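This is what each chain is made of:
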Amino acid sequence: MNVLVTAGPTREPLDAVRFISNRSSGRMGYAVASAAKKAGHCVRLISGPVALPPPKGVRMIRVVTAQDMLDAVLASLAWCDVLVMAAAVADWRPKKPAARKLKKQDGPPRVEWEAAPDILQTIAPLKKPTQVFCGFAAETNDLAREAKRKLRRKNLDAIAANDVSKNNQGFDSIWNALTLYRASGEVRVVPRATKEKCARQVMQMVEEIFVEKKDKKFRKIY
Ligand code: C5P
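Residues numbered from 1 in each chain as written. Predicted model: local features only at pLDDT ≥ 70, side-chain atom pairs only at ≥ 80, totals over all residues. Heavy atoms only, no water.

A. Main features of the environment of Met-85. Mapped onto the secondary structure, Met-85 falls in strand 6 (residues 82–85). For the pair Met-85 and Thr-6, spaced 79 residues apart in the sequence, the C-alpha separation amounts to 5.0 Å. Beyond its immediate sequence surroundings of up to four residues, Met-85 is in contact with Thr-6, Val-73, Ile-119, Leu-120, Cys-134, Gly-135 and Phe-136. (Helix = DSSP H or I, 4+ residues; strand = E, 2+ residues; numbered from the N terminus. Contact = heavy atoms within 4.5 Å.)

If you want it as structure tokens, here you go:
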């Protein structure tokens with residue numbers, strides 16, 4: 001399969017030297033890209049700014065802002081069979097980032113915000129019937145309800161939900177614990193494990209969905 005993975009945070013500029021971002025380390029997405037490569041797939045990894053070495057044999061596409069990431073995803077959309085969106089993309093960005101460094105003497109800046117593009121929502125209408133889109137949902141409350149809502153709203157085939165309110169897993173940790181929700185209604189629990197192990201489970205699930213979709217198309221033709 002051709003597998004497109006996004007990973008890491010995005011950065012949204014406030015002024016010439018400052019930005020707003022989040023605690024994503026990129027580890028989960030990098031582990032998914034690595035697992036996909038090891039399973040024999042052709043992998044492109046779109047990465048926000050992280051401090052990780054690129055996984056071996058994976059084509060790297062480096063981006064900074066949510067808009068950059070959207071552009072990169074759109075450029076590889078027709079190529080991919082599977083998209084795994086593990087990136088923690090900004091939801092909001094400063095409307096008019098200052099071109100120069102804001103001065104301390106001028107006091108706390110009043111920042112006007114606007115929505116950053118929602119990548120999955122933007123590309124949902126472009127999804128081909130045989131393509132598999134898998135999102136991630138990092139939640140602190142109502143994990144199951146929020147994950148299922150996002151699965152429907154973003155027209156996904158699956159979503160991997162993780163509880164980021166726990167200190168020893170999720171953001172910036174080598175550990176994670178996932179619940180995988182499929183659009184078919186199937187639910188799979190991946191108990192606390194390394195992100196590499198979690199990534200293998202995610203890959204196994206998307207491989208299964210891809211085969212099911214291909215099979216369905218094949219049966220329609222014959
Ligand atoms: O709505 P929420 O950000 O929690 O949804 C999480 C999923 O949506 C993740 O797969 C994330 O990569 C994706 N997302 C996106 N564009 C955004 C924000 C999140 O594609 N602006």
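From this point, the discussion proceeds with the structure in view.
B. Here's a closer look at the side chain of Arg-182. With respect to the helices and strands, the residue Arg-182 is situated in strand 11 (residues 175–182). For Arg-182, a relative accessible area of 9% translates into the label buried. Side chain to side chain, Arg-182 and Glu-212 meet in a polar contact 2.7 Å long. Sequence-distant contacts of Arg-182, that is, excluding residues within four places in its chain, are made with Leu-151, Asp-157, Ala-158, Met-205, Ile-209 and Glu-212. (Buried < 20%, exposed > 50% of the residue type's maximum accessible area, 1.4 Å probe, protein only. Polar contact = N/O pair within 3.5 Å; in protein donor to acceptor, adjacent residues only side chain to side chain.)

C. Layout of a positive patch on the surface. A cluster of basic residues, Lys-38, Lys-56, Lys-197 and Arg-200, forms a positive patch on the protein surface. With respect to the secondary-structure elements, Arg-200 resides in helix 5 (residues 195–221). (Patch = residues over 30% accessible without salt bridge, like charges linked within 9 Å, V, L, I, M, F, W, Y side chains within 5 Å. Areas by Shrake-Rupley, 256 points an atom, 1.4 Å probe, with all protein chains shown as cover. Salt bridge = Lys/Arg side-chain N within 4 Å of Asp/Glu carboxyl O. Lys, Arg positive; Asp, Glu negative; His and termini not counted. Charge placed at Lys NZ, Arg CZ, Asp CG, Glu CD.)

D. Examining the pairing of strand 10 (residues 158–163) more closely. Taken across its 6 residues, strand 10 has 6 buried, putting it largely inside the fold. On strand 10, burial covers both faces: Ala-158, Ala-160 and Asn-162 on one face and Ile-159, Ala-161 and Asp-163 on the other are all buried. Across 6 bridges, the pairing between strand 9 (residues 132–139) and strand 10 is parallel. If you follow Cys-134 over to strand 10, its bridge partner there is Ala-158. Following the backbone out of strand 9, through helix 4 (residues 143–153) and into the adjacent parallel strand 10, one traces a crossover that is right-handed. (Pairing = 2+ DSSP bridges. Right-handed = clockwise from strand over helix to strand, strands pointing away.)

E. Seen up close, the nonpolar core. The biggest cluster of nonpolar side chains holds 33 residues, and the ones touching the most others in it are Phe-136 and Leu-178. Per-element accounting of this core gives the leading share, 8 residues, to helix 5. Not counting residues within four places of it along the chain, the set of residues in contact with Leu-178 comprises Phe-136, Ala-160, Ala-161, Asn-162, Arg-188, Val-189, Val-190, Cys-198 and Val-202. Counting 28 residues, the second largest nonpolar core, distinct from the first, contains Ile-61, Ala-66, Val-73 and Ile-119. (Core = buried A, V, L, I, M, F, W, Y, C linked by side-chain atoms within 4.5 Å.)

F. Representation of the sheet that holds strand 5 (residues 59–62) in the model. Overall, mixed pairing links the 8 strands, which are arranged 5-4-1-6-9-10-11-12 in an open sheet. Every other strand in the sheet has two partners, leaving strand 5 and strand 12 (187–194) as the edge strands with one partner each. Each adjacent strand pair in this sheet contributes to an overall mean axis angle of 20°, direction not counted. Two elements, strand 10 and strand 11, share 4 bridges in a ladder whose sense is antiparallel. In the strand pairing of strand 11, Ala-158 is matched with Arg-182. Sheet strands in contact with helix 2 (residues 66–76) are strand 1 (2–7), strand 4 (42–47), strand 5 and strand 6, and its direction is about 175° off that of strand 1. (Axes fitted to C-alpha atoms, helices over the stretch in contact; angles between N-to-C directions.)

G. Structural view of the environment of Asp-157. Of note, Asp-157 is situated in the loop between helix 4 and strand 10. In this structure the C-alpha to C-alpha distance between Asp-157 and Ile-209, which are 52 residues apart in sequence, comes to 7.8 Å. Ignoring anything within four residues of it in the chain, the contact list for Asp-157 reads Lys-127, Gln-131, Val-132, Phe-133, Leu-151, Tyr-181, Arg-182, Ala-183, Ile-209 and Lys-213. Of the polar contacts made by the side chain of Asp-157, one reaches the side chain of Lys-127; its length is 2.8 Å. From its side chain, Asp-157 meets the backbone nitrogen of Phe-133 in a polar contact 2.8 Å long.

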